[in-house]
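Residue strings, one per chain:
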Amino acid sequence: MEAAISGTLKQLFETRLHSAMRLYLDTCARCGVCVEACHVYASMPQARYTAVGRAEVIRKIFKRYFKLEGKIAPWLGEVLTLDDATMDQVSDAAWSCTGCRRCMTFCPFGIDTQLIMSIAKALLIGADKEPKLLTMLADMSIAKSEGIEETKPGFTRAVEDLAPEIRALWPHSKDPVVTVEAEGADVLYVALAGKHSIIPAAAIMNAAGERWTLSVYEAVNFAAFLGDSKKMQLIARRIHDEAVRLKVKEVAIVECGTAFRAMKYMTGVHPFKVVAFVQLISRYLREGRIQLSKGTLKGTLTYHDPCQIARNGGVLEEPRHVIRHLTADFVELRPNRADNWCCGGGGGLVALGESDFRMKSARVKAEQMKASQAAIISTACENCHSQLTDLNEHYGLGMKVEFLSKLVADALMK
Amino acid sequence: MSAQAGADAVSAASAAAAAATTTDATSAASSAVAHTGFALVVDHIDYIIMVPLVYVSILALLVGIVWRVVTIMRSAPPPYPLRLYPAARNAGLAALGDTFAMPQVRRHRPVFWVFLMLYHAAFILLILGHLDIIPQLRLLPAGSRHMLGAGAVGVAVTLPLLFFLLRRLRSPLREISVPSDYLLLLLLLFLFLFGDMMSWGNSWSPNGFVMTKQAFSKYFDGLSRLTFADPRAVLPGSHYHFAVIHVLLAESFFVLLPFSKIMHTFFSMPINLLRRR
Ligand code: HEM
Ligand code: SF4
Ligand code: SF4
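Residues numbered from 1 in each chain as written. Chains lettered and ligands numbered in written order. Predicted model: local features only at pLDDT ≥ 70, side-chain atom pairs only at ≥ 80, totals over all residues. Heavy atoms only, no water.

Tell me about the overall build of chain B, and please be specific about residues and values.
The secondary structure content of chain B amounts to 13 helices and zero strands. Counting from the amino terminus, helix and strand elements in chain B follow one another as α-α-α-α-α-α-α-α-α-α-α-α-α. Within chain B, the fraction of its 277 residues that count as buried is 45%. Taking contacts inside chain B between residues at least 6 apart in sequence as the whole, the part at least 24 apart equals 76%. Of the roughly 13,900 Å² of accessible surface on chain B, 74% is carried by carbon and sulfur atoms. (Helix = DSSP H or I, 4+ residues; strand = E, 2+ residues; numbered from the N terminus. Buried < 20%, exposed > 50% of the residue type's maximum accessible area, 1.4 Å probe, protein only. Contact = heavy atoms within 4.5 Å. Areas by Shrake-Rupley, 256 points an atom, 1.4 Å probe, with all protein chains shown as cover.)

This is the structure in structure tokens:
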């Protein structure tokens, strides 16, 4: 690798050295307690697939360029120099980690491997070796806010066409069944590209008599997968500005873990509340604004806690509350809640395709699903849903994979 | 006083002191002989290790720790909260619990946890045991011939260390470990073994180690009062080099600590706060 590039990479590295990162890079005892935490290692036992194995790649670069030890006794920590071979290791580490942070709950110090991998991803972008698809998608999200006035009428018409499908779930929906960026709404709902992310949610909010409106943007934050904090802010900023302009009290994020965590925790303070859609459903049930009939669901139900919503987002009990209103035939996955196995599709892996790796690295997830003996597995994240669907097919589990919002919309008592 | 003059003055003094206090004639004789040539060089090296380097290494330790902590405190704060859920009711208490009880290790590696707790608790007792030897800070009765714990503390730090070393040889920890991990453990192992020899000798053998706790007390007294006297005068016997090597290994540990992963001692609390707050 040219000296100029490795110089740039070193600078890039340095911009990431905030106090928490320094603590994480300085503290690891290489005790190995985190080893079994990672679903990738549990499914494919190789040291490079452990949390510490991944972090060490970055730590060895850190020692080489930022520590006295790396200068006077590089062999002590087996330091790595920024060259093409190292960048291959960096890439391997970064794109085999879903950023689920399960390892962080095992580590006696709580080292955040996802955060360390954000350096890996920054270096890959700097070396022009990142998956171009994610960058492209992130750039498209940002570009969308510039041309939004031209696309908005088309988008509004397409959404209005969904009215019959929404009315099928909630016939009492008042006109207009959906509004886009309407002023005076209390809740701004931010969906994804597919209509499956709008129809059930619209039916539920209409059933609750919510004063809500739909965002013209998609909630997904591809820059969060890339670990590109600047772009992540820009993508979140579009929704932030929209919500401020419409003076909504609350922004409800579609069932998408990364979108929720990025909006709620990773992009600064907002003058409005940010909730995951499942939290909104739980509130409607608590306030008696919607009722569900327990008869609609056939077979045992289980629930997969999406990492970015549960362990990393704090939404742990609301889904259970909603499920208690849905069915009495519910089993927990083991482990569950903050300890749940990652589905294996996070960190952008689903968006990138990576089908072979995703299936192999999530063998433990498939085994966990199977052991539950449930007929239906529900979840509250687009990424998890895609991955669970693929696992279900690949491992022949014979389950049904459903969004929680879909199950709730189907069970709305009319 | 120069090391040369100090050494000379002390060899004379040591003969008198040894004659007055030691019953073991051979030990007394060995330190009474005036050294020349190579032996004299060794005497000088011994002195440098036993006195000036003690101060230098402790100073390096303190400066190093402060420097490392300040480097981190002066860095920018993290861009977003790194907390994990479910959130603890009291983040500070939870982080304290993480730091001192390591519940994550207890849950996922119970055997390792037992050794870790034993080791870390014993390490604290080991520090107290050394402070106890300084006459002004005495914790045990003045005449006690035992170090704090009467040899048990040594066992409690040495055995876990052997365990730490052996477990590192097994996959996948072996692939994850780097040379400094082994070297640090070996350094500590030898440091402890030399300490063990002295402490076990004094506590577990009928006539004690060549140098008694009272003798070490005099050495520590000189150190704490900055007399710069040659400890050879108060540490009699031919096993003096065991003490010298023990001290040299301790000094190496002090100097290396600020550069090593043992900084987790100081970082454990703040780093655990990150996931709890
Ligand atoms: C006086 C303070 C401390 C000292 C001198 C100390 C020293 C050590 C040493 C020498 C090791 C063995 C390293 C190895 O196995 O390679 C170790 C391991 C460890 N210490 Fe500490 N420690 C201290 C405080 C703490 C605290 C407060 C924590 C709280 C979390 C902690 C957590 C650990 C862990 C998890 C390991 C396992 C590392 C391993 O097996 O390598 N230590 N410590
Ligand atoms: S964040 Fe998840 S995928 Fe990444 S190392 Fe930790 S456990 Fe493995
Ligand atoms: S558990 Fe934590 S300290 Fe131990 S090896 Fe893993 S990341 Fe390092």
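Tell me about the overall build of chain A, and please be specific about residues and values.
Within chain A, the regular secondary structure consists of 22 helices and seven strands. Summarising its shape, the C-alpha atoms of chain A cover approximately 75 × 50 × 30 Å along the three principal directions. Expressed as a percentage of its 414 residues, the buried residues of chain A come to 65%. Sequence separation of at least 24 residues holds for 77% of the intrachain contacts in chain A that already meet a minimum separation of 6. Working note: accessible area of chain A is about 15,200 Å², and carbon and sulfur atoms make up 54% of it. Taken as two groups, the 52 positive and 47 negative side-chain charges of chain A have centres that lie 4 Å from each other. (Lys, Arg positive; Asp, Glu negative; His and termini not counted. Charge placed at Lys NZ, Arg CZ, Asp CG, Glu CD.)

Can you lay out the site of ligand 3 for me, pointing to particular residues and giving the numbers?
Around ligand 3 sit C28, A29, R30, C31, G32, V33, C34, V52, C107, P108, F109 and I111 of chain A, and that is every residue in its neighbourhood. Split by residue class, the shell around ligand 3 holds 10 nonpolar, one polar and one charged. (Near = heavy atom within 4 Å. Nonpolar A, V, L, I, M, F, W, Y, C, P; charged D, E, K, R; others polar.)

Please provide a residue-by-residue account of the pairing of strand β7 (residues 400-403) of chain A, values included.
All names here are of chain A. By the bridge criterion, four bridges tie strand β6 (residues 376-379) to β7 in an arrangement that is parallel. Bridging across to β7, T379 finds its partner in F403. Where the polypeptide runs from β6 across helix α21 (residues 382-394) and back to β7, its parallel neighbour, the crossover connection is right-handed. (Pairing = 2+ DSSP bridges. Right-handed = clockwise from strand over helix to strand, strands pointing away.)

Describe the interface of chain B and chain A, and please don't skip the residues or the numbers.
Counting residues at the interface gives 44 residues for chain B and 52 residues for chain A. Taken over both partners, the interface formed by chain B and chain A buries close to 4,100 Å², and the fraction arising from carbon and sulfur atoms is 64%. Between chain B and chain A we count four salt bridges in total. One salt bridge in this structure joins D181 of chain B and R30 of chain A, with 2.7 Å as the shortest N-O distance. If you list the elements that add at least two residues to the side of chain B that touches chain A, you get α4 (52-74), α6 (103-108), α8 (152-168), α9 (173-176), α10 (179-204) and α13 (264-276) of chain B. Tallying contributions element by element places α13 of chain B first for the side of chain B that touches chain A, with eight residues. (Buried area = accessible area lost by both parts, 1.4 Å probe. Salt bridge = Lys/Arg side-chain N within 4 Å of Asp/Glu carboxyl O.)

Tell me about the packing of aromatic side chains, and please be specific about residues and values.
This structure, assessed with the given rule, holds 23 aromatic pairs over all chains. For the ring pair F13 of chain A and F66 of chain A, a centre distance of 5.2 Å and an interplane angle of 40° mean the geometry is tilted. Placement of F13 of chain A in helix α1 (residues 3-15) and of F66 of chain A in helix α4 (residues 51-66) is noted, with a sequence separation of 53 residues between them. Look at F13 of chain A and you get buried, because its relative accessible area is 1%. Its guanidinium or amino end placed over the ring of Y65 of chain A, R64 of chain A lies 4.4 Å from that ring's centre, counting from NZ or CZ. Above the ring of F112 of chain B, the side-chain terminus of R167 of chain B is found at 3.6 Å from the ring centroid. (Phe/Tyr/Trp six-rings, centres within 6.5 Å; stacked < 30°, edge-to-face > 60°. Lys NZ or Arg CZ within 6 Å of the ring centre and 35° of its normal.)

An account of the domain arrangement of chain A is needed here, citing residue identities and associated values.
Residues and elements named next belong to chain A. Domain annotation for chain A reports domain 1 (3-129), domain 2 (133-286) and domain 3 (301-410). Between the C-alpha centres of domain 1 and domain 3 there is a distance of 28 Å. At the junction of the two partners, domain 1 supplies 19 residues and domain 3 supplies 21 residues. Approximately 1,500 Å² of surface area, both sides summed, lies buried where domain 1 meets domain 3, with 59% of it carried by carbon and sulfur atoms. (Domains from an automatic or database assignment.)

An account of the sheet that holds strand β1 (residues 187-191) of chain A is needed here, citing residue identities and associated values.
Pairing between sheet strands relies on hydrogen bonds along the backbone, with the strands arranged either parallel or antiparallel. Residue and element names in this part refer to chain A. An order of β2-β1-β3-β4 is seen for the four strands of this open sheet, with the pairing classed as parallel. Edge strands, defined here as strands with exactly one partner in the open sheet, are β2 (212-218) and β4 (273-276). Here the strands of the sheet are splayed against their neighbours by 30° on average, with no regard to which way each runs. Judged from the four bridges that link them, strand β3 (residues 250-253) and β4 form a sheet pairing that is parallel. Paired with A252 across the two strands is V275, which belongs to β4. Along the sheet, helix α15 (residues 257-266) makes contact with β3 and β4, crossing β4 at roughly 160°. (Axes fitted to C-alpha atoms, helices over the stretch in contact; angles between N-to-C directions.)

Can you lay out α15 of chain A for me, pointing to particular residues and giving the numbers?
Every α-helical turn comprises 3.6 residues, leaving residues that sit three or four positions apart pointing alike. Residue and element names in this part refer to chain A. Here α15 lies mainly inside the structure; nine of its 10 residues are buried. Among all positions of α15, only G257, T258, A259, F260, R261, A262, M263, Y265 and M266 are buried. Within two residues after α15, G268 carries a phi angle of roughly 80°, on the positive side.

Outline the pattern of salt bridges, listing residues and values.
Counting across every chain of the model gives 41 salt bridges over all chains. Here R30 of chain A ties to E56 of chain A by a salt bridge, and the two come within 3.0 Å at their closest N and O atoms. With R30 of chain A in the loop between α2 (19-27) and α3 (39-43) and E56 of chain A in helix α4, this pair connects stretches of sequence that are 26 residues apart. Judged by its relative accessible area of 3%, R30 of chain A falls in the buried class. One salt bridge connects R225 of chain B with D221 of chain B, and the closest N-O pair in it is separated by 3.0 Å. Salt bridges sharing partners connect three or more residues here, namely R30, E56 and R59 of chain A together with R168, D181 and K261 of chain B.

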